Amino acid sequence: MKEITVKGARIHNLKDIDITIPKNKLVVATGVSGSGKSSLMFDIIFEQGRSQYLKSLGILSGIDDDDKFDHISGLGPTIAVQQHIIRQSNPRSTVGSKTGILNLLCLLYSGEGKGMDSEERLAPSYFSHNSPNGMCFKCSGRGFYYKIHLEKLVPDNLITLREVFLNVGLTPGYERLLERKYGDYMDAPFVSLPDEVKSEVVYGQNLGSNTDKRSYCLTKIFEGHLYKQDKDVREYYGKTTCSQCEGYRVGEEARSVFIGGKHIGELGKMSIIELGRFFEGLVDDEAFSKFGDNIIKEIRDKLNSLIKVRLGYLTLYREMPSLSGGEIQRLFLTSHLDSKLDSLIYVLDEPTAGLHEAEKEGILESMIALRDLGNSVIVVEHDRGTIAQADYIVDIGPKAGEQGGEVVYQGDLEGLLSCENSITGSYLSGDGMTTREQIAIDLVRHPQIKIVHARTNNLKDITVSIPVGCLVGIAGLSGSGKSSLISDTLIPLLKASFKEKSGGGTGELEDDRSDKRDANNESDENIENNGFEENEVLDSVETIAEALVGVETISGYAEISQAPIGRNMNSNPATYIGIWDKIRKIFAEQPLAVANDFKAGHFSFNSKGACPVCGGSGNETIWLGGNLKINKTCKACHGKRYNKEVLKVKYKDKNIYDVLKMTVSEAVIFFGDKRSIISVLSVMDRIGMGYIELGQPTPTLSGGEAQRIKLAKEIGKNRKGNVLYVLDEPTTGLSLYDTSKLIELLDELVQKGNSVIVVEHDIDLLKVCDWMIELGPSGGEDGGYLIATGTPSELKNNPSSITGRYL
């Protein structure tokens, strides 16, 4: 069949739509955020493609499909490359291991390496940092270990044990437990505690011979903070390069074997681009066996694929959990290109996310190459360039949530631009984008914050002036040093400056610290000493820059990152923004609830109100082996998660499940008389997030969506002004329409006397900034230089600016 046909699609907000999509084409599905495009492409086309393929193998025999559509035909084996699905959590998984390049290097060093301590060659496992044979035992093959900076936690002889715990975010519940455990020790000076108590406080105590669990301790607290990507702990806890392997991860035997004068650990720390250059020179300088030549050719092919999708700045040792969704997706895309498979249906989720305009060409070429192999490539995307390259465009909308879910347009680009009903078409044609009156800035007279001699990561000892009271864009290619300058330099310096100035306070505003405190909860991870040594010193603010000048020009700061706001499928936006307890209290006050003695806990699907069959998950999970699973709707509660008695309680004719299914826009109207509930919801609605459901599991939110919820929560507090807001690529996942709404909100913040810094690639946002700072010229070791500053107009005329060409 030459096309995919779907009839009566009705999942989420899709309104029984019929659609036909051509196969063996590059198809772009677009529309405003929340319009229903992902529901159609992922929840129906991908899920059914996978389901039908598994059924053909007899794996899903007897399992009925959910009622998502009336008819579907033309599907084949379907692969989803979706950002939140392919998120990685294994810290031992690296770019090198995921791509297979490190395995090839192990084979190469085993067969071709020079300098072995006998005639018998080492097996490949001796060159792998993930193998007991090859890893450095001091750091367990990580190249580093974490060390508690105890001298900063205990700066004097008077600080008590209670104060030490409180400084790292002790929750009231754990404080009561510790009081029972340590008694009078809690209010005694830490330095006066017996050595065995100090050791238990820092490293914990094994909870039994048959378990790896350890008691609540500082190390466990810090591990929890790091798991949630909380950068606040850097002052007290951080990475220390392993003194035995010097960060190379492998043991002494592997470090004694060389190719081209370098051992495998040195290659692991090179960027992909540097490694490519290394192998280019290697072919001419050394003679290899045919086996070695074949391995080198395969390595070079893989390296070139990674460079083509603009991942050349990564190293083989870069850990997968540290990559952005866009980076991970491009990494997976290269593996599919290398496989040379055809007749597949690929569904991609914003593959250009996190890419500079100058870097998008490679990813577009890769998608076209997948199509030309004989595959169907469906891309859910907002990017102008990707839409322009499409063979076929499907526009879902016209707006989000209940106002979306319809096919507005399908066809070529020319037709989309002239489609009167398409919001996407109107913005692509230049109508509707927000403009703002930019602030005239003269750095000689304008207040500014200056970072002096920054040298974090790849920054080349640069001094950067950031004007305050305006909207500042930080631009540059991927890996050019943008995050190093802002997240890894400016934020730590601000924190240190405010702490010194106020005698303890950090100046950070209460944005997502309530969520961060949950990191103190007990975990199942085995926490060990990890070889900490007192004479090893952690990195501190003095090592990342010489000084930060001008902090007095702001009253505080808020870093609003794309870190997840929750990793558990039971967490949702309502819990994060702090309205869920208030909603459950309202239901507990209803007459039927009072008559049944239902408390607020009965309206939690995690507690007393849960469906007894599925335990409140709403699903029956069917495991297919490995990590493959299928979720089917619970037959007892039909996916509503609650027991029948709880669902009988109504407030304004809605039960608690109905409220969870409400979109933000609907909830603003429904709770219109409850100001404490709608204050943050109203902000979310204004910035184009009205389509988000109150009960949507937070792991299904994109990084951009999570960040905008944090922003709405912060703005909902209605601060007095003179605050510095720092945002990391806030347009991620936004349509052109929603980007316009975001610009309006950022302008409002500036108009109220605040400062806003955006680390950003999006041209529509950058061109309305008051000031721009561009790093480059490239990524990795070829980046880290300050290549251009000024207004967008000045960058357009600056030959050194790469971004200016696109403004």
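Criteria and cut-off values
Residues numbered from 1 in each chain as written. Predicted model: local features only at pLDDT ≥ 70, side-chain atom pairs only at ≥ 80, totals over all residues. Heavy atoms only, no water. Helix = DSSP H or I, 4+ residues; strand = E, 2+ residues; numbered from the N terminus. Buried < 20%, exposed > 50% of the residue type's maximum accessible area, 1.4 Å probe, protein only. Areas by Shrake-Rupley, 256 points an atom, 1.4 Å probe, with all protein chains shown as cover. Pairing = 2+ DSSP bridges. Axes fitted to C-alpha atoms, helices over the stretch in contact; angles between N-to-C directions. Salt bridge = Lys/Arg side-chain N within 4 Å of Asp/Glu carboxyl O. Phe/Tyr/Trp six-rings, centres within 6.5 Å; stacked < 30°, edge-to-face > 60°. Patch = residues over 30% accessible without salt bridge, like charges linked within 9 Å, V, L, I, M, F, W, Y side chains within 5 Å. Expected span 1.5 Å × (residues − 1). Contact = heavy atoms within 4.5 Å. pLDDT = per-residue confidence, 0-100. Arc of directions from axis to C-beta. Core = buried A, V, L, I, M, F, W, Y, C linked by side-chain atoms within 4.5 Å. Disulfide = S-S within 2.5 Å.

Observations concerning the overall build of the protein chain
Next, step 1: Counting secondary structure elements, the protein chain contains 29 helices and 22 strands.
Next, step 2: Residues classed as buried in the protein chain amount to 56% of the 807 residues present.
Next, step 3: Accessible surface for the protein chain amounts to roughly 34400 Å². Of this, 47% is attributable to carbon and sulfur atoms.

What about the sheet that holds strand 13 (residues 462-467)?
Next, step 1: If you walk across this open sheet you meet the 3 strands as 13-12-15, and the pairing is antiparallel. Strand pairing shows two members of the sheet lacking a second neighbour, strand 13 and strand 15 (547-549), which therefore form its edges. Mean inter-strand twist for the sheet, computed between neighbouring axes without regard to direction, equals 15°.
Next, step 2: One ladder, built from 3 bridges, connects strand 12 (residues 448-454) with strand 15; its direction is antiparallel. Paired with Ile451 across the strands is Leu548, a residue of strand 15.

A short note on the pattern of salt bridges
Next, step 1: For the structure shown, the criterion picks out 28 salt bridges.
Next, step 2: Residue Arg384 is joined to Asp764 by a salt bridge in which the shortest nitrogen-to-oxygen separation is 3.3 Å. Highlighted residues: Arg384 in helix 14 (residues 384-389) and Asp764 in helix 28 (residues 763-766), separated in sequence by 380 residues.
Next, step 3: In this structure, Asp597 engages Lys599 in a salt bridge whose closest nitrogen and oxygen atoms are separated by 3.2 Å.
Next, step 4: Taken together, the salt bridges that share partners define one network made up of Arg162, Glu175, Glu179 and Asp187.

Details of unusual backbone geometry
Next, step 1: Geometrically, the link from Gly397 to Pro398 is a cis peptide bond, its omega value of 5° lying close to zero.
Next, step 2: Position of Pro398 among the secondary structure elements: in the loop between strand 10 (392-397) and strand 11 (406-411).
Next, step 3: Along the chain, Gly776 connects to Pro777 via a cis peptide bond; the corresponding omega equals 5°.
Next, step 4: Structurally, the position occupied by Pro777 is in the loop between strand 21 (771-776) and strand 22 (785-790).
Next, step 5: For Ser343, which is not a glycine, the phi torsion comes out positive at approximately 65°.
Next, step 6: Take Ser343: it is sitting in the loop between helix 12 (325-339) and strand 8 (345-349).
Next, step 7: One non-glycine residue, Glu350, lies in the positive phi region at around 45°.
Next, step 8: Its location among the elements puts Glu350 in the loop between strand 8 and helix 13 (360-372).
Next, step 9: With a relative accessible area of 13%, Glu350 lands in the buried category.

Re the packing of aromatic side chains
Next, step 1: What the rule picks out here adds up to 14 aromatic pairs.
Next, step 2: Measuring from ring centre to ring centre gives 6.0 Å for Tyr427 and Tyr737, while their planes differ by 85°; the resulting arrangement is edge-to-face. Of this pair, Tyr427 sits in helix 16 (residues 423-428) while Tyr737 sits in helix 27 (residues 736-751), and the two are 310 residues apart along the sequence.
Next, step 3: Under the relative-accessibility criterion, Tyr427 is labelled buried at 10%.

Describing a nonpolar patch on the surface
Next, step 1: A contiguous nonpolar patch, built from Tyr53, Leu57 and Ile59 and spanning about 290 Å² of accessible area, is present on the exposed surface.
Next, step 2: For Tyr53, the location among the structural elements is in helix 1 (residues 37-56).
Next, step 3: Residue classification places Tyr53 among the partly exposed positions, given a relative accessible area of 42%.

Here's the deal with helix 3 (residues 101-112)
Next, step 1: For helix 3, which comprises 12 residues, the first-to-last C-alpha distance of 16 Å matches the rise-based estimate of 16 Å (1.5 Å per residue) to within 8%.
Next, step 2: Burial analysis of helix 3 places 9 of its 12 residues in the buried class, the great majority of the element.
Next, step 3: Every buried residue of helix 3 is accounted for by Ile101, Leu102, Leu104, Leu105, Cys106, Leu108, Tyr109, Ser110 and Glu112.

Description of the side chain of Thr424
Next, step 1: Inspection of the secondary structure puts Thr424 in helix 16.
Next, step 2: Dropping the residues within four chain positions of it, Thr424 is found in contact with Thr30, Gly31, Val32, Asp395 and Leu416.

A few points about the confidence of the model for the protein chain
Next, step 1: Counting all residues, the mean pLDDT for the protein chain is 86, and 90% of those residues have values of 70 or more.
Next, step 2: Mean pLDDT across the elements of the protein chain bottoms out in helix 18 (residues 513-517) (39) and peaks in strand 14 (residues 471-475) (98).

Observations regarding helix 6 (residues 172-182)
Next, step 1: By the burial criterion, the buried members of helix 6 are Tyr174, Glu175, Leu178 and Tyr182. Each buried residue of helix 6 sits inside an arc of 105° when the element is viewed along its axis, so together they form one side. Opposite its buried face, helix 6 presents the exposed residues Pro172 and Arg180, each directed more than 90 degrees away.
Next, step 2: Phi for Gly183, located one or two positions after helix 6, is positive at around 55°.

Some words on the nonpolar core
Among soluble globular proteins, nonpolar side chains are generally buried collectively.
Next, step 1: Judged by nonpolar contacts, the single largest core of 72 residues is most densely connected at Ile583, Phe671, Leu681 and Leu746.
Next, step 2: Contacts of Leu681, omitting those with residues within four sequence positions, involve Ile577, Ile579, Val664, Ala667, Val668 and Leu694.
Next, step 3: Within the second largest apolar cluster, 66 residues are counted, among which are Ile264, Leu337, Met367 and Leu736.

So, the state of the cysteines
Next, step 1: One pass over the full model with this rule turns up 0 disulfides.
Next, step 2: Unpaired in this structure, Cys242 has its nearest cysteine sulfur neighbour in Cys245, at a distance of 3.8 Å.

Topic: the sheet that holds strand 14
Next, step 1: If you trace the 6 strands from one edge of the open sheet to the other, you get 16-19-20-14-21-22, paired in mixed fashion. Here the strands that pair on one side only, and so sit at the sheet edges, are strand 16 (556-560) and strand 22. Strand-to-strand, the axes of this sheet are offset by a mean angle of 15°, without reference to chain direction.
Next, step 2: Bridge count for strand 14 against strand 20 (residues 755-759) is 4 bridges, and the pairing is parallel. Paired with Leu471 across the two strands is Val756, which belongs to strand 20.
Next, step 3: Running over the sheet, helix 27 touches strand 14, strand 19 (723-728) and strand 20 and is turned about 145° from strand 20.

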